[in-house]
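Each chain, written out:
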Amino acid sequence: MRMKHLLKMLDLSTQDITDILNLADQLKYELRHGIEHKYLAGKTLGLIFEKASTRTRVSFEVGMYQLGGMPLFLSADHMQIGRGEPVEDTARVLSRYLDGIMIRTFAQEEVEALAKHGSIPIVNGLTDFCHPCQILADLMTIREKKGKLEGLKACFIGDGNNMMNSLIVGCLKMGMKISVACPEGYDPDPRVLEFAKGNPDFVLCRSPKEAAKDADVVFTDVWASMGQEEEAAARRTAFAGYQVNAELMALAHPDAMVQHCLPAHRGEEITADVFEAHADEIFEEAENRLHAQKAVLVKLMGNKE
Ligand code: CP
Ligand code: NVA
């Protein structure tokens, strides 16, 4: 069945993910070789932001332009939704102007409500629960560098946040092993744990060393996500020992990649030396946001199946 929205990784089949990654590779090739690919000519995409962004905003805006369409940046501060207009009404209004909406917000329920009440494709550009666009770009980057996904071991060291939630689901759907190490009280979302329950490829532990052992890809993310700024000091204490550093990397596979969705806090979740040693992979990951999201938009809004 054709995908209607990108709300969370849990909604995607293995085939959906493979199709997106294949199209993303094609679009990257076409861009690199100057091959025109205006698959969304005349289409408009609204970009609603209730949180800050560098990569998501720029990659969606540029991506829409490259596909022949037009992006509209819609800061929630300047919209009526920011003054309490119900999401149900916003969805019905915007569906009459736009061909698609990307939204970055706090509650996953808001994204799901836009999809329920609107009549156009909705793309989740990050919520407190998940970050599917990022994980698609990450899977694309791993496949590009390692030539495959199935059978590889990923690990994630740190907070059971939106990134960890989406990564667990994405890896398991693609036949990868995923071990995550988080301090007590910072586990992934129960919906994700329910999905992963009983899967021998999933391990949740307290020990970063155990999680990193023989990993082909090492992931981390900030200790305090957007909206958790007031918890930053307490989190620095809770996450001490959950740093990706040279000692930890020595336990991973000798050719292990490092992925970080960015922005990174050097000296907290990752040391500057590990970050710089893997900068090529990390910035390729950032670039691949563009290609992976263009693939998602073409799948959702284009005439291409
Ligand atoms: N990784 C990511 O989503 O970056 P931005 O917050 O800059 O969009
Ligand atoms: N976990 C981070 C990811 C930023 C892209 C946050 O939500 O702030």
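Rules of the game
- Residues numbered from 1 in each chain as written.
- Chains lettered and ligands numbered in written order.
- Predicted model: local features only at pLDDT ≥ 70, side-chain atom pairs only at ≥ 80, totals over all residues.
- Heavy atoms only, no water.
- Helix = DSSP H or I, 4+ residues; strand = E, 2+ residues; numbered from the N terminus.
- Rg over C-alpha atoms; globule rule 2.2 N^0.38 Å.
- Buried < 20%, exposed > 50% of the residue type's maximum accessible area, 1.4 Å probe, protein only.
- Contact = heavy atoms within 4.5 Å.
- Areas by Shrake-Rupley, 256 points an atom, 1.4 Å probe, with all protein chains shown as cover.
- Lys, Arg positive; Asp, Glu negative; His and termini not counted.
- Charge placed at Lys NZ, Arg CZ, Asp CG, Glu CD.
- Pairing = 2+ DSSP bridges.
- Axes fitted to C-alpha atoms, helices over the stretch in contact; angles between N-to-C directions.
- Near = heavy atom within 4 Å.
- Polar contact = N/O pair within 3.5 Å; in protein donor to acceptor, adjacent residues only side chain to side chain.
- Nonpolar A, V, L, I, M, F, W, Y, C, P; charged D, E, K, R; others polar.
- Core = buried A, V, L, I, M, F, W, Y, C linked by side-chain atoms within 4.5 Å.
- Expected span 1.5 Å × (residues − 1).
- Bend = angle between axes of the 7 residues up to and from the residue.
- Salt bridge = Lys/Arg side-chain N within 4 Å of Asp/Glu carboxyl O.
- Disulfide = S-S within 2.5 Å.

## Here's the deal with the overall build of the protein chain
Along its length, the protein chain carries 12 helices and 9 strands. Over its C-alpha trace the protein chain gives a radius of gyration of 19 Å, about what one expects of a compact globule, namely 19 Å for 305 residues. In the protein chain, which comprises 305 residues, the proportion classed as buried is 57%. Put simply, of all contacts in the protein chain between residues at least 6 apart along the chain, 75% involve residues at least 24 apart. For the protein chain, the exposed area adds up to about 13,000 Å²; of that, 51% sits on carbon and sulfur atoms. Here the protein chain holds 34 positive side-chain charges and 45 negative ones, and the gap between their average locations is 4 Å.

## Overview of helix 4 (residues 108–117)
Every buried residue belonging to helix 4 is among Gln108, Glu110, Val111, Ala113, Leu114 and Ala115, and all of these are buried. Looking at the buried positions of helix 4, the neighbouring elements they touch are helix 3 (87–94), strand 3 (100–104) and strand 4 (122–124).

## What to know about the sheet that holds strand 9 (residues 257–260)
With parallel pairing, the 5 strands of this open sheet are ordered in space as 7-6-5-8-9. On the outer flanks of this sheet lie strand 7 (202–205) and strand 9, each paired with one strand and no other. Strand-to-strand twist across the sheet, computed as the mean angle between neighbouring axes with direction ignored, equals 20 degrees. Sitting on the sheet, helix 5 (residues 132–146) is in contact with strand 8 (217–220) and strand 9, with an inclination near 165 degrees to strand 9. Of the strands in this sheet, strand 8 and strand 9 touch helix 12 (residues 279–301), which is tilted by about 45 degrees from strand 9.

## Considering the site of ligand 1
In the vicinity of ligand 1, the residues found are Ser53, Thr54, Arg55, Thr56, Arg104, His131, Gln134, Cys261, Leu262 and Arg289. The side chain of Ser53 places a nitrogen or oxygen atom 2.7 Å from an oxygen atom of ligand 1. Between an oxygen atom of ligand 1 and a side-chain N or O atom of Arg104, the distance comes to 2.8 Å. A total of 260 Å² of accessible area belongs to ligand 1 in isolation, and the protein chains cover 95% of it. Partitioned by chemical class, the residues of the shell around ligand 1 number 2 nonpolar, 5 polar and 3 charged.

## So, unusual backbone geometry
A cis amide bond links Leu262 to the next residue, Pro263, at an omega of 0 degrees. Tracing the backbone shows Pro263 in the loop between strand 9 and helix 11 (272–277). A positive phi angle, close to 60 degrees, is found at Asp214, a residue other than glycine. A relative accessible area of 47% means that Asp214 is categorised as partly exposed. For Leu262, which is not glycine, the phi dihedral falls at a positive 70 degrees. A relative accessible area of 10% means that Leu262 is categorised as buried.

## Here we look at the site of ligand 2
The environment of ligand 2 is made up of Leu126, Asn161, Asn162, Asp221, Val222, Ser225, Met226, Cys261 and Leu262. Between Asn162 and ligand 2, the recorded distance is 2.8 Å, taken from a side-chain N or O atom to an oxygen atom. When ligand 2 sits alone it has 270 Å² of accessible area, and the protein chains cover 94% of it. Here the shell around ligand 2 is built from residues that sort into 5 nonpolar, 3 polar and 1 charged.

## What about the nonpolar core?
Most often, soluble globular proteins have nonpolar side chains that are buried together. Leu6, Val123, Leu136, Leu139, Ile168, Ile178 and Leu297 are the most contacted members of the largest nonpolar core, which totals 58 residues. Ranked by size, the runner-up nonpolar core spans 25 residues in total, among them Ala211, Trp223, Ala256 and Leu262.

## A closer look at helix 12
The end-to-end C-alpha distance of helix 12, which contains 23 residues, comes to 33 Å, matching closely the 33 Å that a straight helix rising 1.5 Å per residue would cover. Asn288 marks the point of greatest bend in helix 12, at about 30 degrees. Most of helix 12 is tucked away, with 20 of its 23 residues classed as buried.

## Things to note about the pattern of salt bridges
Within the structure shown, the criterion is met by 18 salt bridges. Linking Lys28 and Glu284 is a salt bridge whose minimum nitrogen-to-oxygen distance equals 2.6 Å. Of the two residues, Lys28 sits in helix 1 (residues 14–32) while Glu284 sits in helix 12, which places them 256 residues apart along the sequence. In this structure Lys28 comes out as buried when scored by relative accessible area, which is 6%. Asp214 is paired through a salt bridge with Lys213; the nearest N and O atoms lie 3.3 Å apart. Connected through salt bridges with shared partners, the residues Lys8, Asp11 and Glu112 form a single ionic network.

## Observations regarding the state of the cysteines
Under the definition given, this model contains 0 disulfides. Here Cys171 stays unpaired: no disulfide links it, and the sulfur of Cys155, its closest cysteine neighbor, is 10.0 Å away. With relative accessibility at 0%, the residue Cys171 sits in the buried group. The thiol sulfur of Cys182 is not disulfide-bonded, and the nearest other cysteine sulfur, from Cys205, lies at 7.9 Å. In this structure Cys182 comes out as buried when scored by relative accessible area, which is 0%.

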